[in-house]
Amino acid sequence: MKDVTFVIPARKGSVGFPGKNRYLFDYTSSIIPEDLVKNVIFTSDDEQLLDKSKELGFNTIHRKSELCQDSTSMRDVISDVVTQFDLGEDRDIITLYLTYPQRTWDHVQLIYDFYLENANGSL
């Protein structure tokens with residue numbers, strides 16, 4: 001998975017559960033193997049989480065406000081990441097949403113293996 005980019009999106013504003021990403025961040029950040037930390041891009045408008053991400057060695061994007069709305073599509077967020085980091089079209093990107101705190105790295109590896117074996121364009 002050394003050629004995979006992992007994107008962690010986390011908006012500051014949450015309507016249903018304010019501040020949820022601050023509570024959930026550690027669950028996701030702690031499962032990433034040390035040798036893959038350089039492949040992680042954290043995109044957010046939350047300064048506290050951006051600082052924490054930098055301390056962990058993640059690449060960060062201070063997401064523009066127009067990409068932090070309830071109506072913003074994840075496609076637009078990922079497109080912003082691809083543009084800002086000049087990722088090639090053939091680069092595999094795995095989005096790690098913070099709202100899955102029971103996910104393990106084995107789960108990530110399992111789904112990536114499934115993707116590779118089934119030659120799907122997306123999961």
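As a starting point, this report considers the structure included with it. Keep in mind that what you see is a predicted model, and the values were worked out from it rather than measured.

Residues of strand β4 (residues 92-95) alternate between two faces, with D92 and I94 buried on one and I93 and T95 left unburied on the opposite face. Two elements, strand β1 (residues 4-10) and β4, share four bridges in a ladder whose sense is parallel. Note that in β4 the partner of F6 across the bridge is I94.

Turning next to the side chain of D46. Residue placement: D46 occurs in the loop between β2 (40-44) and α2 (47-56). The class of D46 is buried, set by a relative accessible area of 2%. Only 2.8 Å separates the side chain of D46 from the side chain of R22, close enough to count as a polar contact. D46 has contacts with K12 and R22, leaving out every residue within four places of it along the chain.

Between helix α1 (residues 20-29) and α2, the least distance of the axes is 11 Å, while the angle of their chain directions is 15°. Overall, the two elements α1 and α2 adopt an arrangement that is roughly parallel. Considering only the axes of α1 and α2, their crossing is right-handed. Contacts between α1 and α2 involve N21, R22, F25, D26 and S29 from the first element and Q48, L49, K52, S53 and L56 from the second. Among the residues making up the contact of α1 with α2, the classes are represented as three nonpolar, four polar and three charged.

A few words now on the environment of L67. As for its position among the elements, L67 is in the loop between β3 (59-62) and α3 (74-84). On the accessibility criterion, L67 (11% relative accessible area) is buried. Spatially, the C-alpha atom of L67 lies 28 Å from that of W105, the residues being 38 residues apart in sequence. If we skip the residues at most four places from it in the chain, L67 touches T72, D76, V77 and D80.

Attention now moves to α2. Those residues of α2 that sit buried are L49, L50 and S53. Taken end-on, α2 shows its buried residues confined to a sector of 105°, consistent with a single buried face. Contacts from the buried residues of α2 go to β1, α1, β2 and β3. A positive phi of about 95° marks G57, the residue just after α2.

Cut-offs used in this document
Note that residues are indexed from 1 along each chain, following the sequence as it is written. Since the coordinates come from a predicted model, pLDDT governs what is reported: local features require at least 70, and pairs of side-chain atoms require 80 or more to be given and counted, while whole-chain, interface and lining totals use all residues. Side-chain metrics in this entry use all non-hydrogen atoms of the structure; hydrogen atoms and water are not considered. Burial classes follow relative accessibility: with a 1.4 Å probe on protein chains only, a residue under 20% of its type's maximum area counts as buried, one over 50% as exposed, and anything between as partly exposed. Secondary structure elements follow DSSP: runs of H or I no shorter than four residues count as helices, runs of E no shorter than two count as strands, and numbering proceeds from the N terminus. In this analysis, strands are considered paired if DSSP registers two or more bridges between them. Two N or O atoms form a polar contact when they lie within 3.5 Å of each other; inside protein one atom must be a possible hydrogen donor and the other a possible acceptor, and for residues adjacent in sequence the pair counts only when both atoms belong to side chains. Contacts are assigned to residue pairs that have any heavy atoms within 4.5 Å of one another. For helices, the fitted axis covers only the stretch in contact; all axes are lines through C-alpha atoms, and the angles between them, taken along N-to-C directions, range from 0 to 180 degrees. Should an angle fall under 35 degrees it is called roughly parallel, over 145 degrees roughly antiparallel, and 65 to 115 degrees roughly perpendicular, with every other angle called oblique. Definitions for this section: a left-handed crossing has its near helix turned counterclockwise from the far helix by less than a right angle. A right-handed crossing has that turn clockwise. Each residue is assigned to one of three groups, with Ala, Val, Leu, Ile, Met, Phe, Trp, Tyr, Cys and Pro labelled nonpolar, Asp, Glu, Lys and Arg labelled charged, and all others, Gly among them, labelled polar. The arc in question is formed by the directions pointing from the helix axis toward the C-beta atoms.

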